[in-house]
Structure formats: structure tokens, C-alpha cells
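The residues making up each chain are set out below.
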Amino acid sequence: DVVMTQSPLSLPVTLGQPASISCRSSQSLVHSDGNTYLNWFQQRPGQSPRRLIYKVSNRDSGVPDRFSGSGSGTDFTLKISRVEAEDVGVYYCMQNTHWPRTFGQGTKVEIK
Amino acid sequence: VQLVQSGAEVKKPGASVNVSCKASGYTFTASYIHWVRQAPGQGLEWMGWINPKSGGTNYAQKFQGRVTMTRDTSISTAYMELSRLRSDDTAVYYCARTGDLDYWGQGTLVTVSS
């Protein structure tokens, strides 16, 4: 199975400051169809996960533009340009290029 | 799009549990339904999918032989049955739509305890 490794696992941030989460895969996530199936999810406390980003950099409808995704191959990043209080939660990357789809361990974002 | 799951369950070890996921707001047979679980304080674990149109399924190796995913197209509902429950099956079970998991249900807590 493809191993997804996130860092850091805990990320204390100051309101209004940027935050960055890394996600590395044990194999390239480029599919034979040319797409890279790497998604990011946000899970606020007590809520279901919510998809933020799909195929590396495509923001879902309703997701604030302070969230952005980037990367290629095996190295991916989720950035929050200016953290707000509502961004507190756990963020997961997930690949579905290879079977079975696998998730990163999660990165907990909290306010300092 | 909405996915509404059945309520919390408490089961004894060795029993089975059946969780439902009722879809609305889109054509049920047009998108796969996936099941993902989350043990208390832990991360997300993919269990498998069902194709509502054909009934075809694909299960993670870890759950093969213990999980059965079915659907009833007449009521736009998918089901996930997990058998031979153990204490480490205690988790919140989510259904989610499509391969990219674009919409999620609210989750169903399954507690396995003697």
C-alpha cells in the first residue's frame, strides 16, 4: 500500500499567520491517465471530514481562497495563507491513484 | 447533495452491525459510495466501495470476508454490514460519495463492548 506521511503532526499557529502542511507519498501519485489523485480534507472537532482540495490544487466550492494546494509526484503541500479561528481541526491528505486509497496520519492545527 | 446515516449502535463482540446511508440531491446510481471508518482519536481508514448502479463492490483487504456492502436503488440507500465484530471495530463509520469523497455522511458510531 502507498504510505502517506504528513508533517508536522501538530501545528500551533497564530491567528492571521500562514500555515503549511506537507504530505509525502511512498510512490509517485501520477496516474496512468495523467492525473494526480491527491486530495486534502479538513475535519473540524466533532464533525465529518470535508473535502477542501482535489487533484492536488483544485479548491472545492465554498472553500475560502486562503486554502491552496500544490505539489507533484510524491511531494505535496496544503497552505493556509492567514489562519482563522474556524480553521482549527485535523487535516488529512489522501491518495486515490493507487489501490487501496490511503490517508495520511492527520495534522492537528490549533491556535497558539 | 446529502448523505444521511443511521443512528449509533452498541453491539457485543461476535455480532454484526448494519449501517445505512441514504442519499439525496443527486442521481444515486451515478456515483459510487465509499465507506471510511475512524477509531476514537485516530485517523481515517478506507473500507471499500459499492457501485450503486451495478451492485459491484471492492473491499480493502483488511475487511474482506467480514464486510458486505449492498444497496437498494428504490430508496437511494447504501448499506455496510460488518460481521464478527471485535472491540477494535469500535469507530465512527462514514459513507462518502465518489472516488474523491466529495460529500460525507454525518457518521455512525458503532461501539463494540461486552
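Fair warning: this is a prediction, and the values are worked out from it, not measured in the lab.

(A) Inspection of the side chain of Q38(B) at higher detail. Within the fold, Q38(B) resides in strand β4 (residues 33–38). At a separation of 3.2 Å, a polar atom in the side chain of Q38(B) contacts the side chain of Y92(A). Separated by 3.0 Å, the side chain of Q38(B) and the backbone oxygen of Q42(B) make a polar contact. Leave out the neighbours within four places in its chain, and Q38(B) touches Q43(A), Y92(A), G43(B), L44(B), A91(B), V92(B) and Y94(B).

(B) How the structure looks around the side chain of S48(A). Mapped onto the elements, S48(A) comes out in the loop between β4 (38–43) and β5 (50–54). Of the residues examined, S48(A) reaches a relative accessible area of 16% and is grouped as buried. Here G105(B) takes part through its backbone oxygen, which lies 2.7 Å from a polar atom of the side chain of S48(A). Contact partners of S48(A), with chain neighbours within four places excluded, come to Q42(A), Q43(A), Y94(B), W104(B), G105(B), Q106(B) and G107(B).

(C) Molecular detail of the packing of aromatic side chains. Under the counting rule described, the total for this entry stands at six aromatic pairs over all chains. Note on F41(A) and W104(B): the rings are 5.6 Å apart at their centroids and 75 degrees apart in plane angle, and the pair reads as edge-to-face. Of this pair, F41(A) sits in strand β4 while W104(B) sits in the loop between β9 (91–97) and β10 (108–112), on two different chains. Comparing F41(A) with W104(B) shows no difference in burial state: the two are buried. Centroid distance W99(A) to W46(B): 6.2 Å. Interplanar angle 90 degrees. Geometry classified as edge-to-face.

(D) Up close: the interface of chain B and chain A. In this assembly, 21 residues from chain B lie in contact with 15 residues from chain A. Summing the contributions of chain B and of chain A, the shared interface buries around 1400 Å²; its carbon and sulfur component is 56%. Three residues, L44(B), W46(B) and D100(B), lead the burial of chain B against chain A; their summed loss comes to 43% of the area buried on that side. Inspection of the region where chain B meets chain A yields one salt bridge. Across the pair D100(B) and R51(A) runs a salt bridge, and its minimum N-O distance is 4.0 Å. For the interface between chain B and chain A, the tally reads 11 residue pairs in polar contact (both at pLDDT 80 or more). Elements with a minimum of two residues in the side of chain B that touches chain A: β4, β5 (45–50) and β6 (57–59) of chain B. Take the side of chain B that touches chain A: its biggest share by element is three residues, from β4(B). Within the side of chain B that touches chain A, the residues separate by chemical class into eight nonpolar, 10 polar and three charged.

(E) Local environment of unusual backbone geometry. For the bond from S7(A) to P8(A), the omega torsion is -10 degrees, close enough to zero to count as cis. Tracing the backbone through its elements, the reader meets P8(A) in the loop between β1 (4–7) and β2 (10–13). Between W99(A) and the following residue, P100(A), the backbone shows a cis peptide bond with an omega angle of -5 degrees. With respect to the helices and strands, P100(A) occurs in the loop between β9 (89–95) and β10 (102–103). The phi dihedral of V56(A) falls on the positive side, at around 75 degrees, and the residue is not glycine. Within the secondary structure, V56(A) sits in the loop between β5 and β6 (58–59). We classify V56(A) as buried; its relative accessible area is 8%. In this structure, L101(B) is a non-glycine residue whose phi angle is positive, near 55 degrees. Note on placement: L101(B) falls in the loop between β9 and β10.

(F) Region of the structure containing the state of the cysteines. All names here are of chain B. A full pass over the atoms with the stated rule returns two disulfides over all chains. Linked covalently through their sulfurs, C21 and C95 form a disulfide whose S-S length is 2.1 Å. Taking the torsion about the sulfur-sulfur bond, which here is approximately 80 degrees, the covalent link between C21 and C95 counts as right-handed. Taken together, the positions of C21 in strand β3 (residues 17–24) and C95 in strand β9 put the pair 74 residues apart, joining distant regions of the chain. Across this residue pair, the class does not change: C21 and C95 are buried.

Definitions and cut-offs
- Residues numbered from 1 in each chain as written.
- Chains lettered and ligands numbered in written order.
- Predicted model: local features only at pLDDT ≥ 70, side-chain atom pairs only at ≥ 80, totals over all residues.
- Heavy atoms only, no water.
- Helix = DSSP H or I, 4+ residues; strand = E, 2+ residues; numbered from the N terminus.
- Polar contact = N/O pair within 3.5 Å; in protein donor to acceptor, adjacent residues only side chain to side chain.
- Contact = heavy atoms within 4.5 Å.
- Buried < 20%, exposed > 50% of the residue type's maximum accessible area, 1.4 Å probe, protein only.
- Phe/Tyr/Trp six-rings, centres within 6.5 Å; stacked < 30°, edge-to-face > 60°.
- Buried area = accessible area lost by both parts, 1.4 Å probe.
- Salt bridge = Lys/Arg side-chain N within 4 Å of Asp/Glu carboxyl O.
- Nonpolar A, V, L, I, M, F, W, Y, C, P; charged D, E, K, R; others polar.
- Disulfide = S-S within 2.5 Å.

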